[in-house]
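Architecture and fold: a report
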Amino acid sequence: MLLLLISIIGLLIINFGIGSIVKNILKIDCQSFALTSFFGILSIAFFQTIIAFFSPLNIFNESVFLIFGLIGILVFLKKKDFSYPDIRKNFNVWFYFFVATIVFVGSFSPFFYDHYSYYSPTISMLREAGLVKGVSNLDLLLGQSSFWHIYQSGFSNILDGFLRINSYLLILFLMYIYERRQWILLVFIPFFLIFIQQPSPDLPTFIIALIVLNELLNNTDRKLLLYLSIFAFCIKPIMFWLPLLVVLESIKKRSFKFQMLLPIFTFGILFLIKNLWLFGFPVFPVSTIDFDLPWKPSQEILTYSSQIGFMKSYDMHYSYQQILDFNLLEKIYHWFTIGFKSVFNIGIILSILILGFLALKKKDRFYVILFICILFKLVLIIIFSAQYRFFIDVYLITLFLIFKNISEEKVIFTSVVLSILISIIFIFPGFVKDKFHMGKWMSGFQMSQLIRPTEFESEIPRRYQLGNLKFNATKGLVDKTSFPAMSLYWLRTYQYYGVFPQISDHGFIQKKLTGKEKIKLQEIIDDLERPKPKIP
C-alpha cells in the first residue's frame, strides 16, 4: 500500500504537469485539476504511441516524461495560477475513506484472466520492443495494444512497476467528483474497485464516458471533451459513439467549428496506422477492409477469431455451427437464455428503452442525440459480436441519468456500504471462488500488501526455436514472460491450423508448416506439457 500510494502521488504530479504544458500550448481553457490531468494522460499516450514505432518504451523514455512533468509543475507553481479552485475545501472524511479504500483494494493481486493473457504480455512487448510490425501473427491479442496499455507501459519502468495505473485513475476520478460536487458519480466507485488491480482498458473508457456526459450536461468547452472522447475511442473502438455524441451535440448547439476536425483527424490517423502496423487491418479485430499487407494474419486465424467472437455472444454455450443453424427467432431466444449472463443482455434492452423514454420525455434534443448514438452502437455491436461486456458503458450512463439528482447523503451511504462489501470480498475471496467459480487468482489479504501490492509469481518459461523464430513458451499464461513469447494455447492453435509465426523483412508473418516443422512443433508441445523435474 505504501509503494502504491507513492506511485499514485507521483502520477498525480506528472500527469498534471504535462497536462498544464500541453493545455497552454493548445490554448484550451480549463481550470480543473482532474480534467487537466486527463489531458496530460491523453497527451502522454499520444506521444508514447509515436515513440513506440521507433523505440521501446524503456526507462530512458519514461525519464523524459518524468522530467517534463516536473517542469510543468514548477512552471505552474511559479505562475501562481489561482484561477484553479481549491478542491481541498470540498474534501471531507468520506473523501479520505474512499482514497484509503482504493489504495487498499488496489494492493490485492490481479485476478482478471486478461491480465495474464493480454494486459501484462502487451506491456512487456511495448517495454522491451515497442510496437512490433505484424505482432498479431505471434499472438493475436498483441495486435490490439490499446492506447491505455501504451500509456501504462511508459510508466512501468520506474513509477508504476506494479502495473496499478488504474488505482491512480480511480483516485483522479474521485478528485473530479469532489471538484465538480457531482455526488451521484460516487455510486460507481464500488464497481470500479474490481478494475484497479490490473491495467484494464475498460476502466478509463467507463470513467471518460461518465465525465464527458456530465460535462456536456453542464455546458463545458466542447474542445476538451472532444479530445477526451477521441482518446476513449483510441483505447476501445466500441466507444465510437462518444466522439460522435460530442460532434452532433456541438452541431446542435451551433458551437461546432471545423478546427474540431483536427484532433479527430490526428488521433484517427495514428490509430489507423497503429492497427495496420500491428494487425494488418484498420480496426482490430475486424478484417473487412483489406489492404492486403504482407504481415496480415492468415485467413485461418482470422476465421478462428471471427468464430470465437460469435460464440462469445452466447457465452460459449453453443458451437459456431450451431449458431449458424439458428434462425432469427432462435438467435434472439438463446441470447436471452444463456444462463445468469442473460440478465446482462436483458439489461442492454432495458437501458435502450430507458434512454428512448428519456429522449421522449425530456424536452431537450441532447437526449435524442444520445439515444441515436447508443442505438447506432447497439446495431453495430450486434452485427459483429453481441457480448454484454461491450455494453457496460451503456448501463453506467443510463444509471447516471436516472439517479443523477439523488441526495448526497443517500449516495455516500450506498457507496460506503458497497465499497466495504467489495473490500470484504477481496479479503475473503473464498465465497466468490466456491459459489461462482470466479476470481481464480484472488489471494486474500497478505501482510506484505501494507508495503507493496501482491503479485503472483510468473511461470518460468522454456526457450524454443521453430524455423527462424526463437521464442519463450509457457504451459499456462504468458504474463510477464520476455518477448517474444507464446502460451501452450497458441501453440496448439497454430498446430491445428497448420501455420506458425516466423520473422521476415515485413516483421512477424505466418507461414504454412512443413512436415518436419509439424513434427518439431509436436515435440515442443510435448516437452512443454511434460512437468519439470523437481530439484532435490
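Structural data are supplied above this passage.
Residues numbered from 1 in each chain as written. Predicted model: local features only at pLDDT ≥ 70, side-chain atom pairs only at ≥ 80, totals over all residues. Heavy atoms only, no water.

Examining the overall build of the protein chain
Rules: Helix and strand labels come from DSSP, where a helix needs a run of H or I of at least four residues and a strand needs a run of E of at least two; each type is numbered from the N terminus. Atoms considered for the radius of gyration are the C-alpha atoms alone. The globule rule reads 2.2 Å times the number of residues to the power 0.38. Remark: exposure states derive from per-residue accessible area (1.4 Å probe, protein chains only) relative to the maximum for the residue type, with buried under 20%, exposed over 50%, and partly exposed in between. Contact criterion: two residues are considered in contact whenever any of their non-hydrogen atoms come within 4.5 Å of each other. The protein chains shown are the only cover counted for residues, whose accessible areas, like all others here, come from Shrake-Rupley with a 1.4 Å probe. Charged-residue counts in this description rest on Lys and Arg as positive and Asp and Glu as negative, His and the chain ends being excluded. Each charge is placed at NZ for Lys, CZ for Arg, CG for Asp and CD for Glu.
When helices and strands are counted, the protein chain shows 22 helices and five strands. Taking 536 residues into account, the globule formula puts the C-alpha radius of gyration at 24 Å, and the protein chain, at 24 Å, falls close to it. Across its three principal axes, the protein chain shows a C-alpha extent of roughly 70 × 55 × 50 Å. By the burial criterion, 55% of the 536 residues in the protein chain qualify as buried. The contacts in the protein chain between residues at least 6 apart in sequence include a share of 70% that link residues at least 24 apart. Carbon together with sulfur atoms contributes 67% to the accessible area of the protein chain, which is approximately 24,500 Å² in total. Charged side chains in the protein chain number 50 positive and 34 negative. The centres of these two groups are separated by 5 Å.

Considerations on the nonpolar core
Soluble globular proteins: nonpolar side chains tend toward being buried together. Going by this rule: Buried residues of nine kinds, namely Ala, Val, Leu, Ile, Met, Phe, Trp, Tyr and Cys, make up a nonpolar core once their side-chain atoms join them within 4.5 Å.
F173, F192 and W241 are the most contacted members of the largest nonpolar core, which has 174 residues in total. Considering every element that reaches this core, the biggest residue donor is helix 7 (residues 165–180), with twelve residues. Sequence-distant contacts of W241, defined by excluding residues within four places in its chain, comprise A209, L370, C373, I374, K377, D393 and I397.

Regarding helix 17 (residues 365–384)
What counts is decided by this rule: In this scheme, a helix's expected span is set at 1.5 Å multiplied by one less than its residue total. The definition of a polar contact used here is a pair of N or O atoms within 3.5 Å, where within protein one atom must be able to donate a hydrogen and the other to accept one, and adjacent residues in sequence count solely through side-chain atom pairs.
Its 20 residues give helix 17 an end-to-end C-alpha distance of 29 Å, which sits within 8% of 28 Å, the value for a rise of 1.5 Å per residue. Along helix 17, the residues classified as buried are F366, Y367, I369, L370, C373, I374, K377, L378 and I381. The secondary structure elements touched by the buried residues of helix 17 are helix 9 (202–217), helix 11 (241–252), helix 16 (342–361) and helix 18 (392–403). For helix 17, the N-terminal cap is D364; the gap from its side-chain oxygen to the backbone nitrogen of F366 is 2.9 Å.

Regarding the packing of helix 11 against helix 17
Any two packed helices are characterised by how steeply their axes cross, that is the angle between the axes, and by the distance between the axes. Spelled out, the test is: The angle between two axes is taken between their N-to-C directions and runs from 0 to 180 degrees, where each axis is a line fitted to C-alpha atoms and a helix contributes only its stretch in contact. We call two directions roughly parallel when the angle between them is under 35 degrees, roughly antiparallel when it is over 145, roughly perpendicular when it lies between 65 and 115, and oblique otherwise. Crossing handedness is defined as follows: a turn of the near helix away from the far one that is anticlockwise and smaller than a right angle gives a left-handed crossing, while the clockwise case is right-handed. Residue classes follow a fixed rule: Ala, Val, Leu, Ile, Met, Phe, Trp, Tyr, Cys and Pro count as nonpolar, while Asp, Glu, Lys and Arg count as charged, and any other residue, Gly among them, counts as polar.
Put simply, helix 11 and helix 17 touch, their axes get as near as 10 Å, and they point 150° apart. By the criterion of interaxial angle, the relationship of helix 11 to helix 17 is roughly antiparallel. The way helix 11 lies across helix 17 gives a crossing that is right-handed. Of the residues in helix 17, those touching helix 11 at W241, L244, L245, L248, E249 and K252 are R365, F366, I369, L370, C373, I374, F376 and K377. Here the residues of the contact of helix 11 with helix 17 are counted per class, giving ten nonpolar, no polar and four charged.

Description of the pairing of strand 1 (residues 462–466)
What counts is decided by this rule: Pairs of strands are assigned from DSSP output, requiring at least two bridges between the strands.
Only one face of strand 1 is buried, namely the one carrying R462, Y464 and L466, since none of R463 and Q465 on the opposite face is buried. Summarising the sheet, strand 1 and strand 2 (residues 469–474) pair through five bridges and their orientation is antiparallel. If you follow Y464 over to strand 2, its bridge partner there is F471. Taking the residues that link successive antiparallel strands as the turn, the strand 1-strand 2 hairpin has two residues, and the phi of G467 there is positive, at about 65°.

Examining the packing of aromatic side chains
The criterion, for reference: Here is the rule: rings of Phe, Tyr and Trp (six-membered ring for Trp) pair when centre to centre is within 6.5 Å. Planes less than 30 degrees apart are stacked, more than 60 are edge-to-face, and the remainder are tilted. In our convention, an over-ring charge means Lys NZ or Arg CZ found within 6 Å of a ring centre and within 35 degrees of that ring's normal.
All chains considered together, the criterion is met by 49 aromatic pairs. Note on Y227 and F267: the rings are 6.4 Å apart at their centroids and 75° apart in plane angle, and the pair reads as edge-to-face. Of the two residues, Y227 sits in helix 10 (residues 222–235) while F267 sits in helix 12 (residues 261–278), which places them 40 residues apart along the sequence. The exposure classification of Y227 matches that of F267, with both residues buried. Across the ring face of W295, the terminal group of K133 is positioned such that the distance to the ring centre comes to 4.7 Å.

Focus: the pattern of salt bridges
Here is the rule: Any Lys or Arg side-chain nitrogen found within 4 Å of a carboxyl oxygen on Asp or Glu counts as a salt bridge.
Under the defined criterion, the tally for this structure stands at 13 salt bridges. For E249, the salt bridge is made with K252, and the minimal N-O distance between the two is 3.9 Å. Highlighted residues: E249 and K252, both in helix 11, separated by three residues, approximately one helical turn. The exposure classification of E249 matches that of K252, with both residues buried. Taking the shortest distance from any N to any O, the salt bridge between D292 and K296 comes out at 3.3 Å. For D292, a relative accessible area of 57% corresponds to the exposed category. A single salt-bridge network, built from bridges that share partners, covers E249, K252 and D364.

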